[in-house]
Amino acid sequence: MRLILFGPPGVGKGTQAKLLSAKLNIPHISTGDMLRDAVAEGTEIGKQAKAVLDAGQLVSDSIMIGIIRDVIKSENCKNGFILDGFPRTIPQAEELSLLLNRLGMEIDFVINMEIEENEIIKRLGKRLSCSKCGNIFNIDNLPYSTPCPACGGLMYQRDDDKPETVRKRLYVYSQSTAPVKVYYQKLGLLKTINAQNDLQQVHQEILMAINHK
Ligand code: AMP
């Protein structure tokens, strides 16, 4: 199964990708997590990407395509994958199609997760991320300075989840990323899900959309 989780920041792509990854036993590929790891490790890509991430802008297509090419060709992805945060532009979507074509693979479904904008701002304001395993929690369920329930790692608020950066990310989404939805709609791959519901309900809806019993 090869899936793309598509939707604005804060819609719950990361949370749903983790649930699906455990259920379907295929890797969760989050380009955002990969970039944050590169920044933390101080790699060349991390150094180039840091300011871009902090500003809520998009890392260049050439860097992103290079990253995703290596991942998809790896042994890890040979039985499928769940893409979270990629593709985010039309050139990325086109490059992905070419790459998969060359490898004799294809995307099975693109899950289009929809939510109201005021709910996004509310959710991201309350989001805590684990610095070690990337797990995501809500501050209402996990008070400040509590370690990650999954791995004991330090929980933190992402710099780009601050309200002024969230607004910028939503603008970038509407300009550069939303057109990708039309690209996949034309290919007949799009399945639209109401992501406003609670996370187990959304998970069940996604499983139904991909015909998974
Ligand atoms: P995310 O964790 O998916 O919200 O991504 C965090 C940030 O990483 C984004 O705001 C972008 O700056 C960068 N990023 C992640 N994926 C991509 C991508 N496919 N293209 C460009 N930038 C990306």
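Everything numeric in this text was worked out from a predicted model, so none of it was measured.

J.: Lay out the site of the ligand in plain terms, naming residues and giving numbers.
T.: The full set close to the ligand counts 16 residues, and Thr31, Arg36, Gln57, Gly85 and Gln92 are the nearest of them. Arginine 158 places a polar side-chain atom, nitrogen or oxygen, 3.1 Å from an oxygen atom of the ligand. Here the ligand, which alone exposes 480 Å², has 96% of that area covered by the protein. Here the shell around the ligand gets 4 residues from one element, more than from any other, and that element is helix H2 (residues 31–41). Classifying every residue of the shell around the ligand gives 6 nonpolar, 5 polar and 5 charged.

J.: Describe the pairing of strand E1 (residues 2–6), and please don't skip the residues or the numbers.
T.: The side chains of a regular strand alternate between the sheet's two faces. Counting buried positions over the 5 residues of E1 gives 5, a clear majority of the element. Side-chain alternation along E1 places Arg2, Ile4 and Phe6 on one buried face and Leu3 and Leu5 on a second face that is also buried. Relative to strand E3 (residues 81–84), E1 runs parallel, the two being bridged by 4 bridges. Its bridge partner lying in E3, leucine 5 is registered against aspartate 84. In this structure, E1 lies alongside strand E4 (residues 109–114), joined through 4 bridges in parallel fashion.

J.: Give me the lowdown on helix H8 (residues 199–209), citing residues and values where you can.
T.: Think of an α-helix as turning once every 3.6 residues; residues three or four places apart then point the same way. Inspection of H8 places Val202, His203, Ile206, Leu207 and Ala209 among the buried residues, and these make up the whole buried set. Angular distribution of buried residues about the axis of H8 spans 160 degrees; they occupy a single face of the element. The inward-facing, buried residues of H8 abut helix H1 (13–24), E4 and strand E8 (190–194). Capping the start of H8 is the job of one residue whose side-chain oxygen sits 3.0 Å from the backbone nitrogen of glutamine 200: aspartate 198. At the C-terminal side of H8, asparagine 211 shows a positive phi close to 55 degrees.

J.: Could you give me a rundown of helix H3 (residues 44–54), with the residues and numbers involved?
T.: Taken residue by residue, H3 has Gly46, Ala49 and Leu53 as its buried positions. In a view along the axis of H3, the buried residues occupy a sector of 75 degrees, so they form one face of it. Pointing more than 90 degrees away from the buried face of H3 are the exposed residues Glu44, Lys47 and Ala51. Summarising the contacts, the buried residues of H3 are in contact with H2. Where H3 ends, the next residue or the one after it, glycine 56, has phi of about 75 degrees, a positive value.

J.: Before we move on, could you go through the sheet that holds strand E6 (residues 136–138) and cite the residues and values that matter?
T.: Reading across the sheet, the 3 strands line up as E6-E5-E7 and stay open at both edges, with antiparallel pairing between neighbours. Of all the strands in the sheet, the pair left with one neighbour each is E6 and strand E7 (155–156). With 2 bridges connecting them, strand E5 (residues 127–130) and E7 associate as antiparallel partners. Counterpart to serine 129 in the pairing with E7 is tyrosine 156.

J.: Describe the sheet that holds E8, naming the residues involved and giving the relevant values.
T.: Reading across the sheet, the 5 strands line up as E2-E3-E1-E4-E8 and stay open at both edges, with parallel pairing between neighbours. The outermost strands of the open sheet, each flanked by one partner alone, are strand E2 (28–30) and E8. Averaged over all pairs of adjacent strands, the angle between their axes in this sheet comes to 25 degrees, without regard to strand direction. Its contacts with the sheet place H1 against E1, E2, E3 and E4, and it is angled at close to 160 degrees to E1. Here H2 sits on the sheet and contacts E2 and E3; the angle it forms with E2, its principal contact strand, is near 60 degrees.

Calculation criteria
- Residues numbered from 1 in each chain as written.
- Predicted model: local features only at pLDDT ≥ 70, side-chain atom pairs only at ≥ 80, totals over all residues.
- Heavy atoms only, no water.
- Near = heavy atom within 4 Å.
- Polar contact = N/O pair within 3.5 Å; in protein donor to acceptor, adjacent residues only side chain to side chain.
- Areas by Shrake-Rupley, 256 points an atom, 1.4 Å probe, with all protein chains shown as cover.
- Helix = DSSP H or I, 4+ residues; strand = E, 2+ residues; numbered from the N terminus.
- Nonpolar A, V, L, I, M, F, W, Y, C, P; charged D, E, K, R; others polar.
- Buried < 20%, exposed > 50% of the residue type's maximum accessible area, 1.4 Å probe, protein only.
- Pairing = 2+ DSSP bridges.
- Arc of directions from axis to C-beta.
- Contact = heavy atoms within 4.5 Å.
- Axes fitted to C-alpha atoms, helices over the stretch in contact; angles between N-to-C directions.

Nothing here speaks to function; it is geometry throughout.
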